[in-house]
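# Inside the fold
Next come the chains, spelled out residue by residue.
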Amino acid sequence: MKTPRRTAVLAALALLALAAPSLAVPEAARQHVDTAARALNRGDGLAAEIELKAALKNGASKSDVAAAMGEALLLRGNRIAAREWLAPGQFAKGSQAKGWMLLGQLERLDGRLPASGAAFDKALAFSPKDPLLWVEIGRLRYVGGEQLQAHDAADKALSLDPANVRALELKAQLISETQGYGEAAAYYEQALDAAPGDIGLLIGYAAALGEAGRDREMLSVARRILGQAGGEPRAWYFQAVLAARAGNNQLARAMLNRVGDRMDHVPAVLLLRGSMELEAGNANLAAQLLGRVVERQSANPRAQQLFARALYESGDYKALLTRFSALAARPDASVYLLTIMARAYEEVGDRLAAGQLLDRAAAVAPAATLAVFEPGGPGTYAGAWLANQSALGAAVPYVRSLIAAGDQAGAIRVASRFLELHPGSGAAFDLAGDAQLAGGNAAAALPLYQAAAKVRFPDTMLVRIGESADRIGQGGVMPGLVAQYLERFPGSRLALRMAATMAAASGDWKSARNLLENLRLLGGNGDVRLLADLSYAQLRSGDPKAALESASRAWLLQPSSAVAAQARGMALVELGQDFPIARQLLEQARRSGGDNALLKAARAKLK
């Protein structure tokens, strides 16, 4: 099936060969060849195919039209027929560069990446300064795990033609997760100046605007897309996202209904659909949708949390306990997961297990960064890795399982081998960094994470960079890095949380309070730890009344929480209110969470 981007790419190539005067096409066939070129230029593969067949009947040779016929068939989504024209490599003089480029595209689409690279090499021999060719080389490098080299190819394309639409599009796509979606949007805008009706560009632009938090502009572009392509499901999805952000779940569900099942292969769509069904009370359907997301994205914490909630609300306690017991046993298990697992144990009558999890939830403190959880042991994944050591899907779970099993040396060995096979892969650098950090070698992990961030820079990577830097005494670089990250990704809650923590550590309680209050507005009103930290920041900035409100909210959410009890007790002490209750709360915090200097100081004021 053709995509808008591929249609535009192919159309941009249409006149390269067919309009070249060097082609020795008989005069009787020339009119059909020229008409086919115009059809290809507007993306009409069927019309081009008809004209090219007429050209063949009027004396054109197969090699005269091979490149153009392959392009027409690719536009129609018929890759099998396109291969019959492109694979022989028999292209008339003047059409060789285009023909080999199209064959390279075909091979990439069919997953034959080495063959794709070989075809592009042949195209380069004929047209080394073609920006469109470098764009396609960049796309091949990216899907082949050579992401750093893909950036080089995009830069090469732009150096050859700074206004090339496809080169600008590729650059936007590559930098969106490293330099920020606002920066990517600027590249899309430049491309759209030259091609305002390009649907592929508009879709990418709308997505970038949405990720950058520019919701009104995103809505305008989504409507613009529907004005040109009324059946485009991504435009309806964008509007569903905006409605969900605004809290209008009814409208979001209506927009998703317009999408239908056409985007169910996209995890983000399944995640939104699952969350909507959960909010609507359809827990069974939500569990099915969210389970599919977790299968594809085991490192997605939001998907994990929603899936656990869906299983609990659907009454499938056995599935919940089976699926999440190992994850809950980890020291970095979230308070939410521990609490919902405890409730499930209560439902099946195991009060002892429930009590143990509630005790852990009450005393939970931020844990060191751990590798992403994998449900199976090393034996589950070893065979697949031995059979194909270069496969990302084999290496990642195997390394994670080795780390979880305590075999750090084995994890480093496997991750290093994967990086050796894919020296430009962001995922390979990330995996190697995890293995080194788990093995206690933060000095080796830090540059690996920094290299991975040049390809993709999620906020979880920021945490890993921070922990690595802290362990080797370079934590002082983090405030500047976090500030820079927030300039690129202002919507990152994790980065905002890090900024608040660092502000508090430096004694800047006003900034810490502002950041934490912003996080509360961004969906943190149910986060016990955040509310307790906010209470302390408000207390230290001289506002004990606000501190008591935040702490009371945290305590109501989780009365057994040590941090909530301590925050509420300290606020009451500062206000000079309810000393008996304050004393009880502070003692509860000491018993469940251990003593600390702040607790001691608060208790001293009660004497």
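Everything that follows concerns the structure shown earlier in this document.
The sections below set out a description of the structure shown in this document. In this text, all values refer to a predicted model and were calculated from it rather than measured experimentally.

## Some thoughts on the overall build of the protein chain
Along the backbone of the protein chain there are 36 helices and zero strands. Based on the C-alpha atoms only, the size of the protein chain along its principal axes is roughly 105 × 50 × 50 Å. Counting across all 607 residues of the protein chain, residues that qualify as buried make up 50%. Restricting the contact set of the protein chain to residue pairs at least 6 apart, pairs at least 24 apart contribute 53%.

## Here's the deal with the packing of aromatic side chains
Scanning the model with the defined rule gives nine aromatic pairs in all. Here Tyr181 and Phe489 contribute two aromatic rings whose centre-to-centre distance is 6.2 Å and whose plane-to-plane angle is 80 degrees, an arrangement assigned as edge-to-face. Of the two residues, Tyr181 is situated in helix 12 (residues 181-194) and Phe489 in the loop between helix 29 (478-488) and helix 30 (493-505); the sequence distance between them amounts to 308 residues. In terms of burial, Tyr181 and Phe489 fall into one category: buried. Judged by centre distance (5.4 Å) and plane angle (40 degrees), the rings of Trp385 and Tyr398 are tilted. A residue pair is termed long-range when its members are at least 10 positions apart, and Trp385 in helix 23 (residues 378-387) and Tyr398 in helix 24 (residues 392-404) qualify at 13 residues.

## Examining the environment of Glu211
Along the chain, the position of Glu211 falls in helix 13 (residues 199-211). Each C-alpha atom, one on Glu211 and one on Ala333, is 28 Å from the other, the two residues being 122 residues apart in sequence. With residues up to four places along the chain from it excluded, the contact list for Glu211 reads Tyr181 and Arg245.

## Observations concerning helix 25 (residues 408-421)
Working note: α-helix, 3.6 residues per turn, so residues spaced by three or four point in the same direction. Taking 1.5 Å of rise per residue, 14 residues should cover 20 Å, and helix 25 covers 20 Å from first to last C-alpha, within 8% of that figure. Residues of helix 25 that are buried include every one of Gly410, Ala411, Val414, Ala415, Phe418 and Leu419, and no others. In a view along the axis of helix 25, the buried residues occupy a sector of 165 degrees, so they form one face of it. In helix 25, the exposed residues that point more than 90 degrees away from the buried face are Ala409 and Glu420. Lining the buried residues of helix 25 we find helix 23, helix 24, helix 26 (426-438) and helix 27 (442-453).

## Digging into the packing of helix 12 against helix 13
Taken N-terminus to C-terminus, the directions of helix 12 and helix 13 make an angle of 155 degrees; their axes are 8 Å apart at the nearest point. Considered as vectors, helix 12 and helix 13 are oriented roughly antiparallel to each other. Read as a crossing pair, helix 12 and helix 13 show a hand that is left-handed. Side by side, helix 12 and helix 13 meet where Tyr181, Ala185, Tyr188, Glu189, Ala191 and Leu192 of the first sit next to Leu201, Leu202, Gly204, Tyr205, Ala208, Leu209 and Glu211 of the second. Across the contact of helix 12 with helix 13, the residue classes tally to 10 nonpolar, one polar and two charged.

## Examining the pattern of salt bridges
Evaluated as defined, the whole model comprises 34 salt bridges. Note that Glu49 and Lys53 form a salt bridge whose closest N and O atoms lie 3.3 Å from each other. Of this pair, Glu49 and Lys53 both sit in helix 4 (residues 45-57), four residues apart, which is roughly one turn of the helix. Given a relative accessible area of 10%, Glu49 falls into the buried group.

## Observations regarding unusual backbone geometry
The phi angle at Asp578 is positive, at roughly 45 degrees, despite the residue not being glycine. Among the secondary structure elements, Asp578 is positioned in the loop between helix 34 (562-575) and helix 35 (579-593). A relative accessible area of 43% means that Asp578 is categorised as partly exposed.

## Section: the environment of Ala207
Along the chain, Ala207 falls in helix 13. The spacing of Ala207 and Met218 is 11 residues in sequence and 7.3 Å in space, taken between C-alpha atoms.

## What about the side chain of Asp64?
Mapping Asp64 onto the fold places it in helix 5 (residues 62-75). A polar contact of 2.9 Å, which involves the side chain of Asp64, links it to the side chain of Ser61.

## A word on the nonpolar core
Counting residues in hydrophobic clusters, the biggest one holds 140 residues, and the most contacted among them are Tyr237, Val399, Leu462 and Ile465. Take this core: its biggest share by element is nine residues, from helix 5. Sequence-distant contacts of Ile465, that is, excluding residues within four places in its chain, are made with Leu446, Tyr449, Ala453, Phe457, Met478 and Leu481. With 34 residues, the next largest nonpolar core counts Leu278, Val293, Phe307 and Leu311 among its residues.

## Here's the deal with helix 26
The first and last C-alpha atoms of helix 26 sit 18 Å apart over 13 residues, in line with the 18 Å expected at 1.5 Å per residue. The element helix 26 is extensively covered by neighbouring structure, given that 10 of its 13 residues are classed as buried. Residues of helix 26 that are buried: Gly426, Ala428, Phe429, Leu431, Ala432, Gly433, Asp434, Ala435, Gln436 and Leu437. At its buried positions, helix 26 is contacted by helix 10 (147-160), helix 24, helix 25, helix 27 and helix 28 (459-471). For helix 26, the capping residue at the N-terminal end is Ser425, with a side-chain oxygen 3.3 Å from the backbone nitrogen of Ala427. Looking one or two residues beyond helix 26, the residue adopting positive phi is Gly440, at roughly 85 degrees.

## Looking at the packing of helix 7 (residues 96-109) against helix 8 (residues 113-126)
In helix packing, the relevant descriptors are the interaxial angle and the interaxial distance, both defined with respect to the helix axes. Closest axis-to-axis distance for the helix 7/helix 8 pair is 8 Å, and the angle between their directions is 165 degrees. In terms of orientation, helix 7 lies roughly antiparallel with respect to helix 8. For the crossing formed where helix 7 meets helix 8, the hand is left-handed. Every residue of helix 8 that contacts helix 7 at Gln96, Ala97, Trp100, Met101, Leu103, Gly104, Gln105, Glu107 and Arg108 is listed here: Leu113, Ala115, Ser116, Ala119, Phe120, Lys122, Ala123 and Phe126. Looking at the contact of helix 7 with helix 8 residue by residue, the class counts come to 10 nonpolar, four polar and three charged.

## A look at the side chain of Asn164
With respect to the helices, strands and loops of the structure, Asn164 is situated in the loop between helix 10 and helix 11 (165-175). On the accessibility criterion, Asn164 (11% relative accessible area) is buried. At 3.1 Å, the side chain of Asn164 forms a polar contact with the backbone nitrogen of Arg166. The residues contacting Asn164, other than those within four sequence positions of it, are Pro131 and Leu132.

Reading guide: rules and limits
The residue count restarts for each chain, going from 1 along the sequence in the order it is written. Confidence filtering applies because this is a predicted model: local features only for residues at pLDDT of at least 70, side-chain atom pairs given and counted only at 80 or more, and all residues used for totals across whole chains, interfaces and linings. By convention in this description, side-chain values take in all heavy atoms of the structure and omit both hydrogens and water. Numbering of helices and strands starts at the N terminus; helices are DSSP runs of H or I of at least 4 residues and strands are runs of E of at least 2. Remark: exposure states derive from per-residue accessible area (1.4 Å probe, protein chains only) relative to the maximum for the residue type, with buried under 20%, exposed over 50%, and partly exposed in between. Contact between two residues is taken to exist if any of their heavy atoms lie within 4.5 Å; hydrogens are not considered. Whether two aromatic rings pair depends on their centres lying within 6.5 Å, for rings of Phe, Tyr and Trp, where Trp uses its six-membered ring; planes under 30 degrees apart make the pair stacked, over 60 edge-to-face, and the rest tilted. Residue count minus one, scaled by 1.5 Å, sets the expected span of a helix. In this context, the arc is that of the directions from the helix axis out to the C-beta atoms. For helices, the fitted axis covers only the stretch in contact; all axes are lines through C-alpha atoms, and the angles between them, taken along N-to-C directions, range from 0 to 180 degrees. An angle below 35 degrees is read as roughly parallel, one above 145 as roughly antiparallel, one from 65 to 115 as roughly perpendicular, and any other as oblique. Rotating anticlockwise by less than a right angle from the far helix to the near helix defines a left-handed crossing, while the corresponding clockwise rotation defines a right-handed one. Gly falls in the polar group here, along with every residue not listed as nonpolar (Ala, Val, Leu, Ile, Met, Phe, Trp, Tyr, Cys, Pro) or charged (Asp, Glu, Lys, Arg). In what follows, salt bridge is the name for a side-chain nitrogen of Lys or Arg lying within 4 Å of a carboxyl oxygen of Asp or Glu. Distance and chemistry together define a polar contact, namely a pair of N or O atoms within 3.5 Å, with one atom able to donate a hydrogen and the other to accept it when in protein, and with adjacent residues in sequence counting only for side-chain atoms on both sides. Think of a nonpolar core as a cluster: buried Ala, Val, Leu, Ile, Met, Phe, Trp, Tyr and Cys residues, connected wherever their side-chain atoms sit within 4.5 Å.

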